[in-house]
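# Structural description and commentary
Spelled out from the first residue to the last, the chains are:
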Amino acid sequence: MEHMNPAAVSRSDTRSSRPCDFCREFDPRFLERSAPDQMVATGRKHTASAHLTEDGYVRHRVLELSRIASRTPSTAA
Ligand SMILES: [Zn+2]
């Protein structure tokens, strides 16, 4: 009765957190982070404040800001 999908179980033991989709997509050095710095709390949106660590939070913010900066036309000349 306790039959569980082994793939689902062994996938990770981080049931309360998961990698941040935003950072994974936009940070080319995402995999260089330590594991906790990659994670956001499950059930939260993939925002900076959902990150579990200060470093993760900061990196997420930097990514956001750099994206905004690259989008925003700097003083349309
Ligand atoms: Zn993130």
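The rules we used
- Residues numbered from 1 in each chain as written.
- Predicted model: local features only at pLDDT ≥ 70, side-chain atom pairs only at ≥ 80, totals over all residues.
- Helix = DSSP H or I, 4+ residues; strand = E, 2+ residues; numbered from the N terminus.
- Buried ≥ 20, exposed ≤ 12 C-beta atoms within 10 Å, placed from the backbone.
- Contact = placed C-beta atoms within 7 Å.
- Core = buried A, V, L, I, M, F, W, Y, C linked by C-beta atoms within 7 Å.
- pLDDT = per-residue confidence, 0-100.
- Expected span 1.5 Å × (residues − 1).

### Some points on the overall build of the protein chain
If you tally the helices and strands in the protein chain, you get 4 helices and 2 strands. When the helices and strands of the protein chain are read in sequence order from the N terminus, they spell out α-β-α-α-β-α. Out of the 77 residues belonging to the protein chain, those deemed buried represent 16%. Partitioning the intrachain contacts of the protein chain with sequence separation of at least 6 by distance along the chain shows that 37% fall at a separation of at least 24.

### A short note on the nonpolar core
In terms of nonpolar packing, the biggest core is built from 6 residues, these being Cys20, Phe22, Cys23, Met39, Val40 and Ala50. Secondary-structure elements contributing two or more residues to this core are α2 (21–26) and β2 (39–41). Among residues more than four places away in sequence, those in contact with Ala50 are Val40, Ala41, Arg44 and Lys45.

### Looking at the confidence of the model for the protein chain
Mean pLDDT for the protein chain: 83, with 74% of residues reaching 70 or above. Predicted confidence in the protein chain is weakest over helix α1 (residues 6–10), with a mean pLDDT of 46, and strongest over helix α3 (residues 35–38), with 96. Counted against residues more than four places away or in other chains, residues 7–14, with its pLDDT under 50, gives 2 contacts.

### Description of helix α4 (residues 54–71)
Given a rise of 1.5 Å per residue, 18 residues ought to cover 26 Å, and the 26 Å separating the end C-alpha atoms of α4 matches this to within 8%. Turning to α4, the residues buried within the fold contact α2, α3 and β2.

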